[in-house]
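Coordinate inspection notes
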Amino acid sequence: RSALMTGLYPFHLGRQGRPLEATQPTGLTLEQKLLPEYLGNMGYSTKMIGKWHLGFCKEDFLPTKRGFDSYHGFYNGYETYYTKMFGSKRNYGYNFMDDLETQLDANGTYSTHLYTQIAEDIIATHAKEHGDNKPLFLYVAYQATHSPLEVPQQYEDLYPGIEDRDRRVFSGM
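Below: a short report on this structure. Every value quoted in this text rests on a predicted model; they were computed, and no experiment measured them. (Residues numbered from 1 in each chain as written. Predicted model: local features only at pLDDT ≥ 70, side-chain atom pairs only at ≥ 80, totals over all residues. Heavy atoms only, no water.)

Re the nonpolar core
Among the nonpolar cores identified, the biggest contains 16 residues, and Met 5, Met 48, Trp 52, Phe 68 and Tyr 139 are the most heavily contacted of them. Counting residues per element, this core draws most heavily on strand β7 (residues 136-141), which supplies three residues. The next biggest cluster of nonpolar side chains, apart from the first, holds nine residues, and it includes Phe 96, Ala 106, Leu 114 and Ala 119. (Core = buried A, V, L, I, M, F, W, Y, C linked by side-chain atoms within 4.5 Å. Buried < 20%, exposed > 50% of the residue type's maximum accessible area, 1.4 Å probe, protein only. Helix = DSSP H or I, 4+ residues; strand = E, 2+ residues; numbered from the N terminus.)

The following block contains the structure:
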């Protein structure tokens with residue numbers, strides 16, 4: 001993510017090694033201008049859906065402060081696919097945002113389906129409102145495939161020959 005957003009190798013940014021933990025008071029350096037900021041300055045509408053994982057300890061690190069006009073997704077490194085919960089017993093909470101507001105109605109919807117629907121809505125709305133007059137940069141960072149292993153039964157059922165349940169769920173993801 002840091003390389004895509006900055007065009008720099010992660011070791012130039014201090015982002016090599018382990019990914020950010022939820023309780024780390026840091027994020028992708030604020031000294032670097034990000035891709036959506038460049039594109040926004042060129043007249044693009046910039047939207048993001050999905051996994052941010054570039055810091056959220058203060059508002060300056062959030063996607064809508066780093067060049068995205070809108071954001072739907074989760075700030076942390078992971079969450080459950082249906083309930084949008086993350087963390088452990090010590091640090092557990094709901095993790096799905098619509099810009100800077102918690103989006104509670106995402107609870108119960110499989111994230112891959114949710115992100116796809118939001119992307120389709122953004123594309124349709126953008127086309128209706130702007131036609132060919134304003135380019136759209138839509139960054140969709142799907143959660144799959146990532147732990148926890150969760151998938152709608154219909155996708156797991158596509159792999160009846162795989163005996164190991166974790167492998168079957170992963171294949172369905």
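Next comes the rest of the description.
Quick notes on the sheet that holds strand β1 (residues 45-51)
The strand order β6-β5-β2-β1-β7 describes an open sheet built from five strands, whose pairing is mixed. Edge positions in the open sheet fall to β6 (101-102) and β7, since each of these has one partner strand only. For strand β5 (residues 97-98) and β6, the ladder comprises two bridges, and the chain directions are antiparallel. Residue pairing across strands places Asp 98 opposite Glu 101, the latter belonging to β6. Against the sheet, helix α3 (residues 111-130) touches β1, β2 (70-74) and β7, its axis set at about 175° to β7. (Pairing = 2+ DSSP bridges. Contact = heavy atoms within 4.5 Å. Axes fitted to C-alpha atoms, helices over the stretch in contact; angles between N-to-C directions.)

Section: unusual backbone geometry
Following Ala 144, the chain continues into Thr 145 via a peptide bond in cis, with omega recorded as -10°. Omega for the bond connecting Ser 147 with Pro 148 falls within 30 degrees of zero, at 0°, which places this linkage in the cis form. Looking at the element boundaries, Pro 148 is found in the loop between β7 and α4 (153-156).

Any functional reading would require information that these geometric values do not contain.
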